[in-house]
Amino acid sequence: MPLRTEAAQPDVTPPGAVPLPLWRAAERALARARATGQPTLLRGALRAPASLRADHAFEHMLRAAVELNAPFTAWRGATGAATWLALDIAERVAFDDPGTTRRCAGAAHQLDAWRERLTEPDTSGLPLALAGFAFATAGTARPEGSAWSGWPQAALQLPSLLVAWTHERDPTALVTLSVSPLADLDELRDALAERAHRLEAWADRAASAAVTTRASDHHRQGNAGRGNAGRGNAGRGNAGRSDAGRSDTGHDDIGQGDSRPWTPDANGDRAHDRWRDLVTRARDGIMRRELDKVVVARSAELQVPPGSRLDLAASLLALHARTAGCTLFCVHDPKQGTFFGATPELLASLHGARLSTMALAGTAPRDPDPAADRALGEALLASDKDRHEHQLVRDAILDALRGLGGAPLIDPSPGLLSLSNVHHLCSRVELVLERPHALLDAVAALHPTPAVSGAPHAAARAWLEHHEDLDRGWYAGPLGWLSAHGDGEFVVALRSALLRDGVVHAFAGAGIVAASDPEREWDETRHKLRPIIESLRIRRQAP
């Protein structure tokens, strides 16, 4: 029996919530699906609800996404240029092949297949696909009892709904829908109407959250003001402190509502003893010339108090306020948990043929006193130990980029990247790729850098597999997005945590070289854990 043609279909009026251009694109997507006998992909713009233009729209849409308890991903780039939320999943593919190269090749092949199914040119430059990779480059089995059980080694997904804010244009709302050759226009109309109504319900919930949060924040601030009355100059001793880490809004407490801070102890004696032993073994291996550097990591397991639940939205916004210069991310799966963090490290960003990356290694704490803080930064720049650690990362990145393009441009010497809680040595790298739109090739070439693994790579990987008793999961792995025409951005998922079954697993690591001191490296992980731990917010569990 031949496939029905579009001419054989009755004229179907588009639902009122669906713009006419999107409906016409849907008709063409169905016609192509029937002509080829294969599913096509419809991607187009929905009407952006007015609430997306309101102040702090991202914050309130984020809280609404959490309340919906559906799969969502949140992203706020370090510069603010890429800010978006993705709700629900249109299609998802997992990759459990051993090796980042094979996983990236599989993801690239799937991305090409999705592009070929698109029936309309997508010139938005916004994320088409979202991707995440585990840190581990070998093996596929999770250890028994791992908090990461059920998480794939890599995943690529098409979000069903995406809302995005950019500096250049008004908020954008995009829908992605798989169109079957067996569908009819009535079914397609209903599916688009359902997606449009889903967006409206999301935005309505965000608007309600905005009203509730403003009232709660006003009440809390009023109480705080009354509590501070008559204190005179108390508290002015913090004047002049570094305000790195505050949000670009200038408000640390947007969206906190009825939540309250929760700062559990993440540094028990047993964890300290295990860490000292791990660092000592790593340093001994380096002294025996088994390797030059290895990055060891630990996790702090934080049990949410009985009768409470983690306020994920408030925690994320508090984390963003503390981590200026970092990329905020959150991947939520109602069944597998939530992976979130704010990372300072760019793995690869591609615009056209221009690739950007960075070497980030060498760490010192910040100090609230400006003079002491400057001294710490200057000492880091002059530290032989930290410069050696950083040089290993620079050399490895330049070596990994060979074959992707011409000569990389790199800072002649490392500078300081100063975050709210730590200084880092940082060298920025740019390269023009020989083959455009090869972002996943760059991810495969760069991951893992010595900043999260060690050097030489093979020796560091073998050492970690034998000695580090930790399933890192997606911690320290590549996480990012790709547009329909190949641009995109991947970060290294550092300064992060996994929330699952009422436990927050917070991760931090430190690079070990011959001159490393276990106590200093312990303190470094404490400083790296602070933004996550001090941003955690809880609220009373509903009965």
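Residue numbers here run from 1 along each chain, matching the order of that chain's written sequence. Totals for whole chains, interfaces and linings use every residue, but because this is a predicted model, local features are given only for residues with pLDDT of at least 70 and side-chain atom pairs only at 80 or more, for both listing and counting. Only heavy atoms go into the side-chain values, all of them from the structure, while hydrogens and water stay out.

(A) Quick look at the nonpolar core. For the purposes of this section, nonpolar cores are sets of buried Ala, Val, Leu, Ile, Met, Phe, Trp, Tyr and Cys residues that join through side-chain atoms within 4.5 Å. Partly exposed describes any residue whose relative accessible area lies between the buried limit of under 20% and the exposed limit of over 50%, with all areas from a 1.4 Å probe on protein chains only and scaled to the type maximum. Grouped together as the largest cluster of nonpolar side chains are 83 residues, with contacts concentrated most on L156, V294, V296, L355 and F490. Within the second largest apolar cluster, 70 residues are counted, among which are L85, V304, C330 and M358.

(B) How the structure looks around the pattern of salt bridges. What makes a salt bridge here is a side-chain nitrogen of Lys or Arg within 4 Å of a carboxyl oxygen of Asp or Glu, nothing more. According to the stated counting rule, one finds 31 salt bridges in the structure shown. Here R43 ties to D122 by a salt bridge, and the two come within 2.5 Å at their closest N and O atoms. On the criterion of sequence distance, the pair formed by R43 in strand 1 (residues 40-46) and D122 in the loop between helix 3 (100-117) and strand 4 (127-133) is long-range, its members being 79 residues apart. For the residue pair R43 and D122, the accessibility class agrees, reading buried in each case. Only DSSP runs of H or I covering at least 4 residues are called helices, and only runs of E covering at least 2 are called strands; the numbering of each starts at the N terminus.

(C) Just unusual backbone geometry, in detail. For the bond running from H447 to P448, omega is -5°, close enough to zero to count as cis. Its place among the elements puts P448 in the loop between helix 9 (439-446) and strand 17 (454-455). Positioned with a positive phi, A476 is a non-glycine residue whose angle comes to about 70°. As for its placement among the helices and strands, A476 is situated in the loop between helix 10 (457-467) and strand 18 (478-483). Unusually for a residue other than glycine, D501 sits at a positive phi of about 55°.

(D) Structural view of the confidence of the model for the protein chain. Scored from 0 to 100, pLDDT reflects the predictor's confidence in each residue. Mean pLDDT for the protein chain: 87, with 87% of residues reaching 70 or above. Any two residues whose heavy atoms approach within 4.5 Å at even a single point are treated as in contact. Counting contacts from residues 1-10, a segment whose pLDDT is below 50, to residues more than four positions away or on other chains yields 17 contacts. Residue range residues 226-255 is modelled with pLDDT below 50. Its contacts to residues more than four positions away, or to other chains, number 38 contacts.

(E) Quick peek at empty space enclosed by the protein. Only protein atoms enter the 1 Å grid used here. Points where a 1.4 Å probe fits but cannot escape make up a cavity, open sets with protein on both sides within 12 Å along at least five of seven lines make up a pocket, and a residue lines them when an atom lies within 4 Å of a point. Grid points are joined across faces, edges and corners, and a volume is the space filled by probe spheres set on the points. Tallying each qualifying case throughout the model produces 3 cavities of 30 Å³ or more. If you add up the space inside the largest cavity, you get close to 220 Å³. Around the largest cavity, the lining is made up of 24 residues, and of these A451, L494, R495, G509 and K528 lie nearest the centre.

(F) Spatial organisation of helix 2 (residues 57-68). The span one expects for a helix is its residue count, reduced by one, times 1.5 Å. Look at helix 2: 16 Å from first C-alpha to last across 12 residues, which is about the 16 Å you get at 1.5 Å a residue. Taking burial as the measure, the 12 residues of helix 2 include 9 buried ones, the bulk of the element. Within helix 2, burial applies to A57, F58, E59, H60, M61, L62, R63, A64 and A65. Phi turns positive one or two residues past the end of helix 2, at N69, with a value near 55°.

(G) Summary view of the pairing of strand 11 (residues 337-343). Where burial is concerned, most of strand 11 is hidden: 7 out of the 7 residues are buried. What you see with strand 11 is no split at all: G337, F339, G341 and T343 on one side and T338, F340 and A342 on the other are buried throughout. Adjacent in sequence and paired antiparallel, strand 10 (residues 327-333) and strand 11 are bridged by 3 residues. As paired elements, strand 11 and strand 20 (residues 496-500) share 4 bridges and run antiparallel to each other. Bridged to G341 within strand 20 is S496. In this analysis, strands are considered paired if DSSP registers two or more bridges between them.

(H) The arrangement of the sheet that holds strand 7 (residues 260-261) in detail. Taken in spatial order, the 3 strands of this open sheet run 7-22-9, and their pairing is antiparallel. For this open sheet the edge positions go to strand 7 and strand 9 (308-310), each flanked by a neighbour on one side alone.

(I) Quick look at the side chain of H423. Relative to the helices and strands, H423 resides in strand 16 (residues 422-432). Ignoring sequence-local partners within four residues, the contact set of H423 consists of G362, T363, A364, P365, R366, D373, L376, G377, L380, L416, L417 and S418.

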